[in-house]
Amino acid sequence: MPIFINGREFELKPGETVLEVALRNDIYIPHLCFHPKTGKAGKCRACIVEVEGRRGLLTSCNLVAEEGMKVVTDSKQVKDAQKIIVDLILSSGHHDCLSCEQNGNCELQDAAYYLGIERPSFDLAPAEIETDNSSEFIFVDRSKCISCGRCVEGCTRTVVNEVLNFANRGFETRISFDNELPMGESTCVQCGECVQLCPVGAIIDSRMIGRGRTWELEKVETVCPYCGVGCKLEMHVDRQKNEIIRVTGVEDSPTNEGMLCVKGRYGFDFVSSQDRITTPLIKENGKFRAADWAEVIPYVGKKLKAIKKEFGSDAIAGLTSAKVTNEENFAFQKFMRSEIGTNNVDHCARL
Amino acid sequence: MSLKRTDVLLCCGSGCVSAGSLKIKSKLIEVIEQHGLSSEINIIETGCMGPCDYGPVMLVYPEGIFYKKVQVKDVEELVEEHFLKGRPVKRLMLKSEDTIFQTKKDIPFYKNQVKVALENCGYIDPEKIDEYIAMGGYEALGRAVTEMNPEEVIDIIKKSGLRGRGGGGFPTGLKWENVKNSESDQKYVICNGDEGDPGAFMDRSLLEGDPHKILEGMMIAAYATGANYGFFYIRAEYPLAIKRIKNALSQAKEYGLLGNDILGSGFSFDAEVRTGAGAFVCGEETALIASIKGERGQPVSKPPYPSESGVYQKPTLVNNVETLGNIATIINKGADWFASMGTATSKGTKVFALTGDVKNTGLVEVPMGITLHDLIFEVGGGMVAGKKFKAVQLGGPSGGCLTADHLDTAIDYESLREKGAMMGSGGVIVMADNNCMVNIAKFFLEFSLDESCGKCTPCRVGLKEMYTILENITAGKGRSGDIEKLENLGKTISGTSLCGLGQAAPNPVLSTIRYFRQEYESHIEAKSCPTCVCLDLMHFDIDKDKCIGCSLCAQKCPVNCISGSREEKYTIHQADCIKCGNCQEVCPVNAVDKISGAAEKEEKLNSVAELYQ
């Protein structure tokens with residue numbers, strides 16, 4: 001038997017929650033703390049729904065879907081309560097969409113739009129602006145934080161760095177790096193998982209600030225060039241300037257599930273570096289000149305053969321890179337051993 | 001434990017200790033020794049006897065004489081007159097207008113009480129296991145583990161109708177059965193001693209006054225559910241309770257009542273104390289479990305319930321102190337006896353901490369179903385002199401305020417909830433007519449706001465918003481529509497919060513709006529606090545007809561805002577007045593009145609000198 005959401009029938013998979021069934025079928029229920037990777041949290045309470053035969057409002061993120069369940073996500077009672085909850089969040093922070101980097105890519109904005117909240121209506125004292133720019137790549141604005149806990153979950157359970165946690169309690173709750181250190185002085189390794197998970201503009205890439213609206217940037221999916229793991233990532237590119245503005249992990253990639261390391265996420269300067277070598281070079285009379293692969297490959301082959309002939313196989317050593325794949329590294333050592341005939345082969349990860 | 005001709009029971013509950021009972025004890029020992037009576041008189045330190053307002057209190061057996069407010073200077077007279085010459089000291093006895101209550105059983109405070117959980121509290125020395133055993137202690141455990149199987153034990157508890165005394169009111173037997181039915185190699189029992197309601201001290205008194213009874217209850221619960229390890233979760237603010245439970249554990253171990261193969265039954269059990277850091281939310285069972293595991297004390301969504309996955313993901317039974325305090329007696333006296341007390345849905349007795357403007361503040365245990373009137377006016381002895389009953393707050397910051405119209409309400413879980421209050425853990429705060437209900441609601445809400453863990457939005461942000469509105473109302477900045485806003489927010493917070501703290505936190509506001517709406521309206525519309533509690537909505541004024549021009553008020557005014565002369569009488573310059581109330585206190589002829597509504601402020605004076613020009 002299927003599950004009924006707003007009168008429509010949906011098949012359910014074992015163990016799925018009501019929110020998961022709804023999202024899978026493109027039914028939007030506002031949710032701010034749930035993320036497929038960090039799982040249910042039941043914290044923001046925005047995902048409340050009504051279920052026939054059950055008392056009161058229930059959070060759909062931790063409500064296991066059952067056969068025959070009749071769920072309503074858009075009744076007046078549900079929407080009124082959702083509106084108050086999202087309004088409270090909007091009222092308690094410094095949520096200024098005009099200047100926010102996450103404008104257009106913000107889950108709180110989506111929820112407010114869905115519920116028709118034009119502006120915050122509660123009189124809470126405006127949050128004090130408290131920013132932390134002590135770290136190299138990540139900018140933290142606590143006045144935008146909605147205490148959803150995704151960053152804490154991600155840091156603790158997904159990447160297991162255990163740097164982020166909550167400090168204080170009640171209305172004073174705030175995220176903390178180690179024991180309330182500035183992020184730059186904490187044990188944070190700048191993997192950026194918290195940036196990836198933050199639903200609002202509280203934790204963002206510092207280098208993207210002021211460099212383009214999210215909808216202006218072209219998203220290009222590619223594979224990380226750094227190591228053999230092959231993390232899938234998305235480059236956010238300013239085509240006009242031909243610059244990479246930011247990099248995010250691709251959540252549905254089985255290799256990395258959206259996670260990246262500091263190099264993959266933030267080490268993209270080299271792409272547009274002036275010093276970058278873009279063609280093979282041949283040294284002649286003590287000076288390099290540009291060449292192309294068609295010229296270089298036979299040239300190297302010729303030289304290797306000559307050295308092997310004159311000085312023997314062991315006069316040659318091969319050094320490869322962690323940036324290429326395991327298969328390429330395997331092929332390289334095979335080439336060194338069987339073609340060149342030497343065991344002098346190594347890899348930069350041993351340096 | 002030696003038998004002597006006189007037993008002096010000295011209450012050493014926290015209230016009496018802070019009133020000086022330990023000093024009295026050392027003086028007693030000294031004076032008794034001086035008179036050579038050491039071999040004839042036993043001095044026994046007991047747990048709380050109940051009437052805290054009269055502390056330090058003392059009971060002398062065999063006569064059963066009850067002494068109140070005993071001071072160190074009274075000890076010599078007591079020993080000489082009573083213990084030596086056999087003439088009880090009348091001036092230390094409890095009196096009403098026309099009677100002296102000689103013995104404990106004469107005292108009206110005790111007359112309507114039925115003690116089950118508190119049966120030994122105030123009678124035995126809580127630090128001596130022998131005294132507990134002499135009162136029939138550990139008999140129930142012995143019977144349970146040797147004569148009954150776990151199903152039979154659960155059956156008795158189910159039949160007794162006992163419900164959780166921590167506030168939730170979940171049927172205890174059913175909870176036990178759920179834990180028993182959860183398959184696991186390891187199960188735990190937790191005694192929830194994280195009592196945190198302002199003004200509540202039921203669990204504290206039980207842990208301090210009869211620790212073995214709680215331990216015995218926990219062991220029976222463990223036997224019935226298949227657990228073999230227990231945690232006493234007690235807040236660090238209760239050092240005496242922690243000490244006494246630790247002492248009880250080591251004594252029970254020494255007697256072979258704790259450990260492996262208890263009483264040769266094959267049942268093994270051990271327990272330890274875990275100290276809470278004082279967060280109110282840790283009284284919520286999932287937050288408590290997180291705290292025991294060393295995590296941040298905040299609740300998690302249920303299901304799974306602790307009965308399936310609790311401490312270290314193992315099935316865990318969490319019972320309140322008072323709930324466990326009833327178990328041994330139910331096993332001994334039977335389910336029918338227990339179920340004969342109370343109402344259709346709420347059986348047995350309930351311990352309450354009576355506080356506020358009531359004569360007999362203290363710890364009481366009454367049968368369920370007693371009316372609020374009997375609790376406050378019979379057991380509690382009525383309002384303190386000269387005050388009129390206005391409201392009673394039941395269930396602490398999670399509860400609600402009821403009015404004089406509800407005094408006939410029978411105290412049981414359902415009736416209270418229906419009226420907008422709740423049983424809670426048993427705090428009863430009686431308020432006289434000089435209390436401002438808006439201010440009271442603000443006080444309780446401030447408590448919940450402080451204690452919110454911050455995990456879920458409605459509680460974290462919503463309570464702050466409600467509090468901000470109340471602050472504005474009491475400061476004269478209320479706007480029309482505020483009441484509706486409070487109601488709307490309150491209902492949403494109740495309906496959407498993650499745990500009981502948030503779900504119940506708006507109750508004091510919602511119930512005071514329900515029963516005292518006109519007070520809110522008066523604050524908002526007329527900018528006037530009818531009880532003159534909210535300083536921004538009242539002012540002091542000097543009645544010129546009464547004023548005798550003595551100038552005392554002007555002399556005592558810390559901001560020099562009163563001027564005048566013997567002839568012209570005195571006037572308060574409202575713009576500078578800080579409403580400290582000194583003038584009213586010192587006026588010999590009661591010419592200074594509190595007047596509701598803010599004063600019309602005249603122009604602020606630039607200097608004190610202008611006053612005298």
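Residues numbered from 1 in each chain as written. Chains lettered and ligands numbered in written order. Predicted model: local features only at pLDDT ≥ 70, side-chain atom pairs only at ≥ 80, totals over all residues. Heavy atoms only, no water.

**Q** Account for the domain arrangement of chain A, naming residues and giving values.
**A** Interfaces are often described in size by the accessible area the parts lose on coming together. All names here are of chain A. Domain annotation for chain A reports domain 1 (3-92), domain 2 (128-208), domain 3 (211-276) and domain 4 (281-350). Distance from the C-alpha centre of domain 3 to the C-alpha centre of domain 4: 30 Å. Taken together, the contact between domain 3 and domain 4 spans five residues of the former and four residues of the latter. Here domain 3 packs against domain 4, burying approximately 320 Å² in sum over the two surfaces, 49% of which is carbon and sulfur. Linking domain 3 to domain 4 there are zero salt bridges. Where domain 3 meets domain 4, there are two residue pairs in polar contact (both at pLDDT 80 or more). Among the residues forming the side of domain 3 that touches domain 4, the class breakdown is four nonpolar, one polar and no charged. (Domains from an automatic or database assignment. Contact = heavy atoms within 4.5 Å. Buried area = accessible area lost by both parts, 1.4 Å probe. Salt bridge = Lys/Arg side-chain N within 4 Å of Asp/Glu carboxyl O. Polar contact = N/O pair within 3.5 Å; in protein donor to acceptor, adjacent residues only side chain to side chain. Nonpolar A, V, L, I, M, F, W, Y, C, P; charged D, E, K, R; others polar.)

**Q** Outline the sheet that holds strand 11 (residues 349-356) of chain B, listing residues and values.
**A** Residue and element names in this part refer to chain B. Strand order in the open sheet formed by five strands is 12-11-15-13-14, with mixed pairing between adjacent strands. At either margin of the open sheet sits one strand with a lone partner, and together these are strand 12 (362-367) and strand 14 (400-403). When the angles between neighbouring strand axes are averaged without regard to direction, this sheet yields 30°. Pairing of strand 13 (residues 389-394) with strand 15 (residues 427-432), which is carried by five bridges, proceeds in the antiparallel orientation. Following the sheet pairing, L394 is matched in strand 15 by V428. Of the strands in this sheet, strand 11, strand 12, strand 13, strand 14 and strand 15 are in contact with helix 15 (residues 372-379), which crosses strand 13 at around 110°. (Pairing = 2+ DSSP bridges. Helix = DSSP H or I, 4+ residues; strand = E, 2+ residues; numbered from the N terminus. Axes fitted to C-alpha atoms, helices over the stretch in contact; angles between N-to-C directions.)

**Q** Break down helix 17 (residues 437-451) of chain B for me, with residues and values.
**A** All names here are of chain B. Helix length check: helix 17 (15 residues) gives 21 Å between terminal C-alpha atoms against 21 Å at 1.5 Å per residue, within 8%. Counting buried residues along helix 17, 11 of its 15 residues qualify, which places the element largely inside the surrounding structure. For helix 17, the full list of buried residues reads M437, V438, I440, A441, K442, F444, L445, F447, S448, L449 and E451. Looking at the packing, one finds that the buried side of helix 17 touches strand 13, strand 14, strand 15, helix 18 (457-474), helix 20 (500-504) and helix 21 (507-524). (Expected span 1.5 Å × (residues − 1). Buried < 20%, exposed > 50% of the residue type's maximum accessible area, 1.4 Å probe, protein only.)

**Q** Could you give me a rundown of the layout of surface pockets, with the residues and numbers involved?
**A** Considered as a void within the structure, the second largest pocket measures approximately 1,200 Å³ in volume. As for the second largest pocket, its lining consists of 39 residues, and the residues nearest its centre are E153 and R157 of chain A together with E295, V300 and K455 of chain B. Broken down by secondary-structure element, the contributors of at least two residues to the lining of the second largest pocket are helix 4 (150-158) and strand 8 (164-167) of chain A together with helix 12 (285-292) of chain B. It is helix 4 of chain A that provides the largest number of residues to the lining of the second largest pocket, a total of five residues. Here the residues of the lining of the second largest pocket sort into 14 nonpolar, 14 polar and 11 charged. (1 Å grid on protein atoms, 1.4 Å probe; cavity = no way out; pocket = protein on both sides within 12 Å on 5 of 7 lines; lining within 4 Å. Points joined across faces, edges and corners; volume = space filled by probe spheres on them.)

**Q** Describe the domain arrangement of chain B, listing the residues and the values that go with them.
**A** Residue and element names in this part refer to chain B. With domains assigned, chain B is organised as domain 1 (6-110), domain 2 (129-338), domain 3 (349-432), domain 4 (437-524) and domain 5 (537-611). The centre of domain 3, based on its C-alpha atoms, is set 22 Å off from the matching centre of domain 4. Taken together, the contact pairs 18 residues of domain 3 with 15 residues of domain 4. A per-residue breakdown of the area domain 3 buries against domain 4 is headed by K390, P397 and C401, which together make up 41% of the total. Applying the counting rule to domain 3 against domain 4 returns one salt bridge. The partner of K390 in a salt bridge is E519, and the shortest N-O contact between them spans 2.6 Å. The tally of links from domain 3 across to domain 4 stands at seven residue pairs in polar contact (both at pLDDT 80 or more). Among the elements of the structure, strand 13, strand 14 and strand 15 are those that each provide at least two residues to the side of domain 3 that touches domain 4. For the side of domain 3 that touches domain 4, the per-class residue count stands at seven nonpolar, eight polar and three charged.

**Q** Lay out the pattern of salt bridges with the relevant residues and their values.
**A** Following the criterion strictly, the structure yields 55 salt bridges over all chains and no others. With a shortest N-O distance of 3.2 Å, R174 of chain A and E180 of chain A are connected by a salt bridge. A salt bridge links E414 of chain B to R163 of chain B; its shortest N-O distance comes to 3.1 Å. Taken as a pair, E414 of chain B in helix 16 (residues 413-418) and R163 of chain B in the loop between helix 7 (150-160) and helix 8 (172-181) lie far apart in primary sequence, 251 residues in all. A residue is classified by how much of its surface remains accessible, and R163 of chain B, at 13% relative accessible area, is buried.

**Q** I'd like to hear about the pairing of strand 9 (residues 270-276) of chain B, residue by residue, with values.
**A** All names here are of chain B. Judged from the seven bridges that link them, strand 8 (residues 229-235) and strand 9 form a sheet pairing that is parallel. Within strand 9, the position partnered with G230 by the bridge is A271. In this view, the connection linking strand 8 to its parallel neighbour strand 9 by way of helix 11 (residues 239-254) has right-handed handedness. (Right-handed = clockwise from strand over helix to strand, strands pointing away.)

**Q** With reference to specific residues and values, describe the nonpolar core.
**A** All names here are of chain B. Core analysis: the largest hydrophobic core is formed by 64 residues, its most contacted members being Y138, V153, W176, I220, F232, I234 and F269. Among the elements that line this core, the one with the most residues is helix 10 (residues 211-225), at nine residues. Residues from two domains meet in this core; each of domain 2 (129-338) and domain 3 (349-432) gives at least three. When sequence neighbours within four positions are dropped, the list of residues in contact with Y138 reads I129, Y132, I133, H212, L215, E216, M219, A252 and L257. (Core = buried A, V, L, I, M, F, W, Y, C linked by side-chain atoms within 4.5 Å.)

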